[in-house]
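An overview of the molecular structure
Okay, here's what each chain looks like letter by letter:
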Amino acid sequence: EDQVTQSPEALRLQEGESSSLNCSYTVSGLRGLFWYRQDPGKGPEFLFTLYSAGEEKEKERLKATLTKKESFLHITAPKPEDSATYLCAVGGSNSGYALNFGKGTSLLVTP
Amino acid sequence: SQTIHQWPATLVQPVGSPLSLECTVEGTSNPNLYWYRQAAGRGLQLLFYSVGIGQISSEVPQNLSASRPQDRQFILSSKKLLLSDSGFYLCAWSRIGTGNEQYFGPGTRLTVT
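What comes next concerns the included structure.

**Focus: the interface of chain A and chain B**
Contact residues are listed per partner, giving 19 residues for chain A and 24 residues for chain B. Of all residues in chain A, A:Pro44, A:Tyr97 and A:Phe101 give up the largest surface area on contact with chain B, accounting jointly for 36% of the area buried on that side. The interface formed by chain A and chain B contains zero salt bridges. Counting the contacts that link chain A with chain B gives four residue pairs in polar contact (both at pLDDT 80 or more). Secondary-structure elements contributing two or more residues to the side of chain A that touches chain B are β4 (30–38) and β5 (45–50) of chain A. If you tally residues by element for the side of chain A that touches chain B, the top one is β4(A), at four residues. Residues belonging to the side of chain A that touches chain B are distributed by class as follows: 10 nonpolar, six polar and three charged.

**Brief notes about the layout of surface pockets**
When its volume is computed, the largest pocket comes out at roughly 580 Å³. The wall of the largest pocket is formed by 25 residues, among which A:Thr85, A:Lys103, B:Gln38, B:Gly41 and B:Arg42 lie closest to the centre. The set of elements that each furnish at least two residues to the lining of the largest pocket consists of β1 (3–7), β9 (84–92) and β11 (105–110) of chain A. Across the lining of the largest pocket, the residue classes tally to seven nonpolar, 12 polar and six charged. Broken down by element, the residue count for the lining of the second largest pocket peaks at three residues, all from strand β5 (residues 44–52) of chain B. Here the lining of the second largest pocket is composed, by residue class, of seven nonpolar, five polar and four charged.

What counts, and at which threshold
Residues numbered from 1 in each chain as written. Chains lettered and ligands numbered in written order. Predicted model: local features only at pLDDT ≥ 70, side-chain atom pairs only at ≥ 80, totals over all residues. Heavy atoms only, no water. Contact = heavy atoms within 4.5 Å. Buried area = accessible area lost by both parts, 1.4 Å probe. Salt bridge = Lys/Arg side-chain N within 4 Å of Asp/Glu carboxyl O. Polar contact = N/O pair within 3.5 Å; in protein donor to acceptor, adjacent residues only side chain to side chain. Helix = DSSP H or I, 4+ residues; strand = E, 2+ residues; numbered from the N terminus. Nonpolar A, V, L, I, M, F, W, Y, C, P; charged D, E, K, R; others polar. 1 Å grid on protein atoms, 1.4 Å probe; cavity = no way out; pocket = protein on both sides within 12 Å on 5 of 7 lines; lining within 4 Å. Points joined across faces, edges and corners; volume = space filled by probe spheres on them.

See below:
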């Protein structure tokens with residue numbers, strides 16, 4: 001069974017203090033690893049898809065990387081508007097159309 | 001560009017009452033459609049998905065049902081709500097095939113009293 005574990009559960013950063021969020025996964029036949037951002041009371045917003053180990057994607061202050069066992073979401077010089085919950089999900093060859101989501105990391109960036 | 005709509009945004013219903021949540025997608029054809037539930041402190045749970053009109057697959061046994069009467073319309077229903085049905089319901093779409101990113105709607109907050 002596919003499993004996704006995100007750490008830490010919560011992270012508090014000062015504005016400008018770079019850090020990384022972790023997504024550890026086990027999956028049979030990775031079809032894709034997905035990162036989302038979710039603001040309170042809203043639906044998740046798609047950020048990145050990674051398909052194979054060594055792949056990297058960047059968007060503004062965010063950079064996602066992938067190994068065979070985990071993915072990292074690096075946040076460089078965060079701003080208060082980066083505060084949100086970040087979700088990781090995987091799709092595997094045995095899971096059909098389903099994505100298996102982690103519980104997320106709640107990020108708070110203070111001025 | 002593609003847009004996904006959900007309504008209502010919030011809903012408060014008594015136990016035993018019926019439910020109908022609607023989701024529509026604009027700007028794409030033949031999408032895969034999904035219903036998820038997000039409970040406090042838990043990850044997103046896939047409830048149903050559909051790869052075409054009238055084609056519904058259920059991931060979790062429950063008193064909910066789904067229907068897809070049109071290509072870009074997805075409906076979540078219940079005949080009698082339970083307290084445990086409370087949660088944040090999210091509709092999503094993706095391009096056909098597996099391994100594609102899913103795009104989520106704004107969600108419906110359901111409270112069963």
